[in-house]
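# Observations on the three-dimensional arrangement
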Amino acid sequence: MIHQTHAIDPDKKRRSPHKRHRQQRELHALIEVAKTLTAPLDLDELMKAIMDKIIGVVEPAQIGAVMIWDQAQGLFTPLAAFGYDLQTLKKIRLHQGESVTGKTFQRNRAQLLKTPEEVALAMQDMRPENREIMKLSLHTDALPISTLAVPVTMEEIQYGVLVLETLDGQVTFSEADIPFVQALGDLIALAIERYRLREKIDAAKQLREEAKMRAELMATLSHELRLPLTAIRGYTSALLLPEVDWSKEKQLDFLQSIENECKHMESMITEMLDASIISVDQLNLNLEHVQLREIALEVAAEMQRRSDIHRLVVDFDLHFPIVKVDPHWMKQVFRNVLDNAIKYSPEGGLILVHGEPRAHDVVISVSDQGIGIAPEDLIPLFEKYYRAQSPPGYRIPGTGLGLPIARAIIEAHHGKIWIESKVNQGTIVSFSLPRAEKT
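Everything numeric in this text was worked out from a predicted model, so none of it was measured.

Here helix α10 (residues 327–343) is 17 residues long and its end C-alpha atoms lie 24 Å apart, about the 24 Å a rise of 1.5 Å per residue gives. Burial within α10 is extensive, with 14 of its 17 residues counted as buried. Where α10 begins, one side-chain oxygen reaches toward the backbone nitrogen of H328, 2.9 Å away; that side chain belongs to D326.

So, about the pairing of strand β12 (residues 426–434). Along β12, seven of the nine residues are buried, which leaves the element largely enclosed by surrounding structure. The sheet contact formed by strand β10 (residues 361–367) and β12 spans seven bridges and is antiparallel. Looking at the pairing, D361 lines up with P434 of β12. Relative to β12, strand β11 (residues 416–422) is paired through seven bridges, and the arrangement is antiparallel. Within β12, the residue paired with S421 across the bridge is T427.

Right, let's talk about the environment of E98 for a bit. Its location among the elements puts E98 in the loop between α3 (86–89) and α4 (99–107). Looking at E98, the relative accessible area reads 5%, which means it is buried. E98 sits 22 residues away from F76 along the chain, and the two C-alpha atoms are 9.7 Å apart. Leaving out residues up to four positions away in the same chain, E98 has contacts with R93, K103, D125, M126, R127 and N130. Engagement of the side chain of E98 in a polar contact is seen with the backbone nitrogen of H95, the distance being 2.9 Å. Engagement of the side chain of E98 in a polar contact is seen with the side chain of N130, the distance being 3.0 Å.

This part covers the environment of K331. Mapped onto the elements, K331 comes out in helix α10. Not counting residues within four places of it along the chain, the set of residues in contact with K331 comprises I295, E298 and V299. Within polar-contact distance, the side chain of K331 engages the side chain of E298 at 3.2 Å.

Moving on, we come to the pattern of salt bridges. Under the defined criterion, the tally for this structure stands at eleven salt bridges. Between R335 and E302 there is a salt bridge, with the nearest N and O atoms lying 2.9 Å from each other. Linking R335 in helix α10 with E302 in helix α9 (residues 292–304), this pair joins segments that are 33 residues apart in sequence. Note that D339 and R306 form a salt bridge whose closest N and O atoms lie 2.8 Å from each other. Placement of D339 in helix α10 and of R306 in the loop between α9 and β7 (310–315) is noted, with a sequence separation of 33 residues between them. Looking at D339, the relative accessible area reads 7%, which means it is buried. Each of E98, R127 and E129 takes part in one network of salt bridges that share partners.

What follows is about the nonpolar core. Counting 43 residues, the largest nonpolar core has L292, M330, F334 and F431 as the members making the most contacts within it. Where this core is concerned, the elements lending two or more residues are α9, β8 (323–325), α10, β9 (349–357), β10, α12 (402–412), β11 and β12. At eight residues, the largest contribution of residues to this core is made by α10. Other than its neighbours up to four places away in sequence, F334 contacts L292, I295, A296, V299, V353, I364 and F431. If you look at the next biggest cluster of nonpolar residues, it comprises 30 residues, including L43, V152, L164 and A191.

One open sheet accounts for five strands, arranged β2-β1-β5-β4-β3; its pairing is antiparallel. Taken across any chain shown, the strands that pair with only one partner, and hence form the sheet edges, are β2 (75–82) and β3 (111–113). Averaged over all pairs of adjacent strands, the angle between strand axes in this sheet comes to 20°, irrespective of strand direction. Pairing of strand β4 (residues 146–154) with strand β5 (residues 157–166) involves nine bridges; the strand directions are antiparallel. Following the sheet pairing, P151 is matched in β5 by V161. Here helix α5 (residues 116–123) sits on the sheet and contacts β3 and β4; the angle it forms with β3, its principal contact strand, is near 125°.

Below, the discussion takes up the packing of aromatic side chains. Summed over the entire model, instances satisfying the criterion amount to seven aromatic pairs. Aromatic side chains W246 and F254 sit 5.1 Å apart centroid to centroid with 70° between the ring planes, which places their arrangement in the edge-to-face category. Look at W246 and you get partly exposed, because its relative accessible area is 23%. Taken together, a centroid distance of 5.6 Å and an interplanar angle of 80° make the contact between F334 and F431 edge-to-face. In this pair, F334 is assigned in helix α10 and F431 in strand β12, connecting sequence segments 97 residues apart.

Parameters and conventions
Residues numbered from 1 in each chain as written. Predicted model: local features only at pLDDT ≥ 70, side-chain atom pairs only at ≥ 80, totals over all residues. Heavy atoms only, no water. Helix = DSSP H or I, 4+ residues; strand = E, 2+ residues; numbered from the N terminus. Expected span 1.5 Å × (residues − 1). Buried < 20%, exposed > 50% of the residue type's maximum accessible area, 1.4 Å probe, protein only. Polar contact = N/O pair within 3.5 Å; in protein donor to acceptor, adjacent residues only side chain to side chain. Pairing = 2+ DSSP bridges. Contact = heavy atoms within 4.5 Å. Salt bridge = Lys/Arg side-chain N within 4 Å of Asp/Glu carboxyl O. Core = buried A, V, L, I, M, F, W, Y, C linked by side-chain atoms within 4.5 Å. Axes fitted to C-alpha atoms, helices over the stretch in contact; angles between N-to-C directions. Phe/Tyr/Trp six-rings, centres within 6.5 Å; stacked < 30°, edge-to-face > 60°.

So yeah, pure geometry; function would need other evidence.
The following block contains the structure:
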């Protein structure tokens, strides 16, 4: 009888239960990290979720951080971490080649430091200020006893370094940990790349939307400017008719109408210029201690001359608190908000400008009795060029720039602006400003 013998294939040897269990845990962790990549999270939340998956899977890892390379600054800063006080750690500024992170990035390959001596040697060039920040973020000045750092790289792009470390205990990193940790580093790179790609797509989408809005704005402005020009031309042509002897009252009426149309055009052009100044961050403030009541009265009187069907009332306490603002820009806020109140109450009525002092700020509210604004239009009203739909039977003129300009001015003064409105019941536009500090 012939006995057949079979050679034993080393690759088919049964793995130890411990090794199989470890591989299962690592595979499960990689699957969970991959799932996390599809979650609609911002980058900080995404990195935190990934770091949470690492804890407990890489047994020696007691602290860890994702250090991102900032090309513009030439520095590494932490994006996510565990075992550290992240807010303190974010003050660290590592150079390329500095400490474990800098060397791993420079060499673009994994670094395994198995002993405290190897770790100390790799960290000996860490600048004192960075060492102090690390100590404060860990609440200890003890150095790690083992470290595993892998580059966070995708194709030719180096994003940073994933650093995992052991502070105490019997278990330290080994060569067996490198493939799994490098896989995690690759997934982190994929997450960063995906997030940045999404940012580019969002930016491109926003540019397209802004281009569309600009095109719509130009069409609207062409229409809005053509209307007063047509009216001015009509009144002027009528006055110049040789065959008509207009009465003095009629001539004054025509001239008043021409002046009103010119003011309307001037208002639109001013809004466009203000919007261009604000869009390039050229809103320079000359702060002064100001009585808002005086500004409100001045602008209300100015706006009252534009309307015979509205009654503008200013309600401020005589001892209303002083605020420190730029009077020029603050007048523009009142003009824009009151102009909106007039336009959105086309049948006239009361427009009330009310001032209310609070403990640390003041609140100014402008309320009208107009047509109101639909709930879906309230939030985007502060976006440039956005205009709420006019109700049936009404045509509300404008550029969609008045409220965005007002918001930019108020926020530059560290205040807030908001709107409350109900359709057919009127609108209240309110803004707050900090009270001037007592000297």
